[in-house]
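A closer look at the structure
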Amino acid sequence: MVERTHSPFMPSHEERMSPNPAQPKVKKAPTPVSVHFLGTCSVDFGNNIWLFDAADGTNNRLHQSSLRMVNISRIFVTHMHADHVLGIVAILAVVMSGVGQTPEGLERLRKQGVNKKADINIYGPVGLREFIRNIFRITTATLTGAFAVHELIPEGSQPSAGCSPEELHVNEAVGRDIYANAEGVWETIVDEALFKGNKGWSVNAGPLVHRVPSIGYVLKEPDPTHPLDHQRLIPLLQANSKALAAMDPPIKHPLSVLSHLTSLPRPPPFTLPSGEVLHPPEPTGEQGRKLVIFGDCSGGTPNKALQALCSNASLLIHECTNAAIPESVQKGDKGRAVRASGLEQSLEKKRDKEFELAAKDRGVAREPWVFHGRHDTLAAAVAAEDEFEAKRIQVRKKAQSRGHSTPDDVGEFANTIGARRVVVNHFSAMFPSPKYTTNDPFPSLLSRMSPFPYPTTSAAYHEANTPAKPLHPSELHLRVIMQSLVNQISAAWNGRDCEDHAVQGPEQHFVRLAVPSRDFMVIRVPSHELTEHEMDTMREAREEIVYVMKSWADYGGAWVEEDGEEKRWVGV
Ligand SMILES: [Zn+2]
Ligand SMILES: [Zn+2]
């Protein structure tokens, strides 16, 4: 366990670094937080990256992405399945490249033994320490720095290996054995006071239901506070400087009391020798951001303590391996048959008329792609001759038996915890990733497609100077299928009690959209609640989604209008 050495009466690191501590500090903008989808995901705090899981391809994807791998400071592992852990060692080898390691450097690390300080901290289930250590040992790899593996141990279990001097790898620092509390969750895995560079974020974790032990992580920023009134406080502290220096223990730097007041967790009020009581800054009433990042699991978590930790998530990242897709979306056969019979003219007229009507209905919760009239049991669905409902229930049962989730599971959990944003990942091979040319979470369904066989960052696309390809019907089909999957999530998430969780704003019926992740996608979390800009983006995306989904279901395609080109039918 890393001890907090920061005494309130010592100048903080920040103050020691500051050339003129008397200069009032400007109120800091909130840490930029963007989540990149590589592996399970990576959270980028600007100059500090936390990586969640690493599959064998994650190393390559990181190289292709805009993230700087040297900024990775922590790796969180959700579970020990190969598709989540095989890339970890390769990434450690890149970040702490052994190429530059000298025999003297290694000797120094060896001498430091159990006193080594970790450059990278790795957290995960029992088995992780043994796994990483053994690969380094067997491959006789050495690194320039040190890593520490902290195991999250459930009740009745033991760490996979110890951290005695004999056991530690030369590049390994002592890791913590973190035991679950009585409620089964792992508290304060990362302490909010220890966040590198920009203190504040803490991490808790809890158990999920999967075929092997799986972990959900909850990252929380402290609730924002008003800035301290430096104009009032600095003269007060300076007037008390002699008396403060005479205290036991002495406070030699009177202004260090300012950083004590803003330290975390929130300290009690501080009484000056002159009798004035200084209060830590008051909360603004807003909530700090909360990111909930789950490993493979079957429908949220049954653990009540973890559910409570997840409540009011700013962003939920959840797996969605399986999904039933309605026949009209899956095959597009209906549209194919109708169009093949040479009825284009009349169909176009019919379609135009329908969309005029649909446009009037926009903003109303009841949309053609929102599923209503659901049945709770397979028998009820069959009795009602609701084929799609029956399929959904069957797929859900199958997913559950394999420790995975469907759109209903994700949507219901997102609704339960009141999530503000939802991104899903870990799709089965039935759902290939669409080839968008942008990292944006809400790309146009009708946009051109990436010229590469794999999704790329827009940077890579521009560098290659290869023009994007016109949208192909099969690509539109993939996009529509993926959209159908997340529409089911959005429907369950916005839920029957839509009013309760509806985003507050001028538009009563604003419906939030779940996002399907794809490699290189980036979602920014500027604040806990959605910003106006995010809501506008969603409204715009939603209009197009409603048009495309309906057009695809009815006619097997959609009209695409590209710059300087004539309207083009993409579909059957
Ligand atoms: Zn998996
Ligand atoms: Zn798994």
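Values in this document were obtained by computation on a predicted structure and should not be read as measured data. (Residues numbered from 1 in each chain as written. Chains lettered and ligands numbered in written order. Predicted model: local features only at pLDDT ≥ 70, side-chain atom pairs only at ≥ 80, totals over all residues. Heavy atoms only, no water.)

1. Let's talk about the environment of His210
As for its position among the elements, His210 is in the loop between β9 (202-208) and β10 (214-220). In sequence terms His210 and Ser405 are 195 residues apart; their C-alpha atoms lie 9.8 Å from each other. If near-sequence neighbours (up to four positions away) are discounted, His210 is found in contact with His79, His81, Asp296, Cys297, Arg402, Gly403 and His404. A polar contact of 3.4 Å, which involves the side chain of His210, links it to the side chain of His79. A distance of 3.4 Å separates a polar atom in the side chain of His210 from a polar atom in the side chain of Asp296. (Helix = DSSP H or I, 4+ residues; strand = E, 2+ residues; numbered from the N terminus. Contact = heavy atoms within 4.5 Å. Polar contact = N/O pair within 3.5 Å; in protein donor to acceptor, adjacent residues only side chain to side chain.)

2. Some remarks on unusual backbone geometry
A cis amide bond links Asp248 with the next residue in sequence, Pro249, at an omega value of -5°. When you line up the elements, Pro249 lands in the loop between α8 (241-245) and α9 (256-261). Positive phi outside glycine occurs at Asp53, with the angle close to 65°. In this structure Asp53 comes out as buried when scored by relative accessible area, which is 1%. (Buried < 20%, exposed > 50% of the residue type's maximum accessible area, 1.4 Å probe, protein only.)

3. A word on the coordination of the zinc ion (ligand 1)
Working reference: metal with six octahedral donors, ideal angles 90 or 180 degrees; metal with four tetrahedral donors, ideal angle 109.5 degrees. Distances from the zinc ion (ligand 1) to its protein donors, Asp83 (OD), His84 (NE2), Asp296 (OD) and His426 (NE2), fall at 2.0 to 2.4 Å. Given 4 donor atoms and angles of 92 to 163° at the metal, the environment of the zinc ion (ligand 1) is assigned as irregular. Spacing between the donor residues of the zinc ion (ligand 1) along the chain follows D-H-x211-D-x129-H. The metal-metal distance between the zinc ion (ligand 1) and the zinc ion (ligand 2) is 3.4 Å, with Asp296 serving as a donor to both. One end of the pair, Asp83, is in helix α3 (residues 82-85); the other, His426, is in the loop between β15 (422-425) and α17 (458-464), and 343 residues separate them in sequence. (Donors = N, O, S within 2.8 Å, 3.2 Å for Na, K, Ca; no water. Tetrahedral: all angles 85-135°; square planar, octahedral: opposite > 155°, others 65-115°.)

4. Let's talk about the side chain of Asp296
You can see Asp296 is positioned in the loop between β13 (290-294) and α10 (304-310). The charged side chain of Asp296 is buried without a salt bridge, its nearest counter-charge being Arg211 at 6.4 Å. At 3.2 Å, the side chain of Asp296 and the side chain of His79 are in polar contact. If near-sequence neighbours (up to four positions away) are discounted, Asp296 is found in contact with Thr78, His79, Asp83, His84, Leu208, Val209, His210, Ser214, Glu319, Gly403, His404 and His426. (Lys, Arg positive; Asp, Glu negative; His and termini not counted. Salt bridge = Lys/Arg side-chain N within 4 Å of Asp/Glu carboxyl O.)

5. So, the sheet that holds β13
One open sheet holds the 7 strands; their spatial order is β8-β9-β10-β13-β14-β15-β16, and the pairing between them is mixed. Edge positions in the open sheet fall to β8 (186-190) and β16 (515-516), since each of these has one partner strand only. The pairing of β8 with β9 spans 2 bridges and is antiparallel. Bridge pairing in β9 links Val190 to Val203. Against the sheet, helix α16 (residues 407-417) contacts β13, β14 (315-319) and β15, and its axis sits at roughly 155° relative to β14. Contacting β15 and β16, helix α18 (residues 473-494) runs over the sheet at an angle of about 135° to β15. (Pairing = 2+ DSSP bridges. Axes fitted to C-alpha atoms, helices over the stretch in contact; angles between N-to-C directions.)

6. Overview of the pattern of salt bridges
Tallied over the entire structure, the rule returns 16 salt bridges. The closest approach of N and O atoms between Asp519 and Arg61, which form a salt bridge, is 2.4 Å. With Asp519 in the loop between β16 and β17 (522-524) and Arg61 in helix α2 (residues 58-64), this pair connects stretches of sequence that are 458 residues apart. For Arg129, the salt bridge goes to Asp177, with nearest N and O atoms at 2.9 Å. Of this pair, Arg129 sits in helix α6 (residues 128-138) while Asp177 sits in strand β7 (residues 177-179), and the two are 48 residues apart along the sequence. Owing to a relative accessible area of 0%, Arg129 belongs among the buried residues under this scheme.

7. Structural notes on empty space enclosed by the protein
All told, the structure shown has 1 cavity of 30 Å³ or more when counted by the stated rule. Taken together, Ala323, Ala324, Arg392, Val395, Thr406, Pro407, Asp408 and Gln488 make up the full set of residues lining the largest cavity. Counting only elements with at least two residues in the lining of the largest cavity, the list comes to α15 (387-401) and α16. Of the residues assigned to the lining of the largest cavity, the class counts are 4 nonpolar, 2 polar and 2 charged. (1 Å grid on protein atoms, 1.4 Å probe; cavity = no way out; pocket = protein on both sides within 12 Å on 5 of 7 lines; lining within 4 Å. Points joined across faces, edges and corners; volume = space filled by probe spheres on them. Nonpolar A, V, L, I, M, F, W, Y, C, P; charged D, E, K, R; others polar.)

8. So, the coordination of the zinc ion (ligand 2)
For the zinc ion (ligand 2), every protein donor is listed as His79 (NE2), His81 (ND1), His210 (NE2) and Asp296 (OD), and the spread of their distances is 2.2 to 2.4 Å. Each of the 4 donor atoms around the zinc ion (ligand 2) contributes to a set of angles spanning 88 to 167°, which defines the coordination as irregular. Mapping the donors of the zinc ion (ligand 2) onto the primary sequence gives the spacing H-x1-H-x128-H-x85-D.

9. Comments concerning the nonpolar core
In terms of nonpolar packing, the biggest core is built from 83 residues, with Ile189, Tyr217 and Leu219 touching the most fellow members. Examining the composition of this core, we find that 9 residues originate from one element, helix α20 (residues 532-555), more than from any other. Counting 26 residues, the second-largest nonpolar core is a separate cluster that includes Ala54, Ile75, Ile88 and Val149. (Core = buried A, V, L, I, M, F, W, Y, C linked by side-chain atoms within 4.5 Å.)

10. Concerning the packing of α16 against α18
Interaxial distance between α16 and α18 falls to 7 Å at its minimum, and their mutual angle equals 35°. Where α16 crosses over α18, the two elements pack in a sense that is right-handed. Two secondary-structure elements touch here, α16 through Pro407, Asp408, Val410, Gly411, Glu412, Ala414 and Asn415 and α18 through Leu485, Gln488, Ile489, Ala492, Trp493 and Asn494. Of the residues in the contact of α16 with α18, the class split is 7 nonpolar, 4 polar and 2 charged. (Left-handed = near helix turned anticlockwise from the far one by under 90°.)

11. What to know about helix α7 (residues 230-239)
Those residues of α7 that fall on the buried side of the exposure criterion are His230, Leu233, Ile234, Leu236 and Leu237. Each buried residue of α7 lies within a common arc of 165° when the element is viewed along its axis, so the set occupies one face. α7 presents Gln231 and Ala239 as exposed residues on the side facing more than 90 degrees away from its buried surface. Of the surrounding elements, those touching the buried residues of α7 are α8, α9 and β12 (277-278). (Arc of directions from axis to C-beta.)

12. Regarding the pairing of β13
Among the 5 residues that make up β13, 5 are buried, leaving the element largely enclosed by the rest of the structure. The side-chain alternation of β13 yields two buried faces, one formed by Lys290, Val292 and Phe294 and the other by Leu291 and Ile293. Pairing analysis gives 5 bridges linking β10 to β13, with the strands arranged antiparallel. When the sheet's bridge partners are listed, Tyr217 is paired in β13 with Ile293. Two strands pair when backbone bridges link them, and β13 and β14 are joined in this way by 3 bridges, in the parallel orientation. In the strand pairing of β14, Val292 is matched with Leu316.

13. Comments concerning the sheet that holds β7
What the 8 strands build is an open sheet, ordered β7-β6-β5-β4-β3-β2-β1-β17; its pairing is mixed. Taken across any chain shown, the strands that pair with only one partner, and hence form the sheet edges, are β7 and β17. Geometrically, the sheet is characterised by an average inter-axis angle of 20° between neighbouring strands, direction not taken into account. Here strand β3 (residues 49-52) runs beside strand β4 (residues 72-76); their pairing, made up of 4 bridges, is parallel. In the strand pairing of β4, Ile49 is matched with Ile72. Along the sheet, α6 contacts β5 (120-125), β6 (147-153) and β7; its crossing angle with β6, the most-contacted strand, is approximately 150°.

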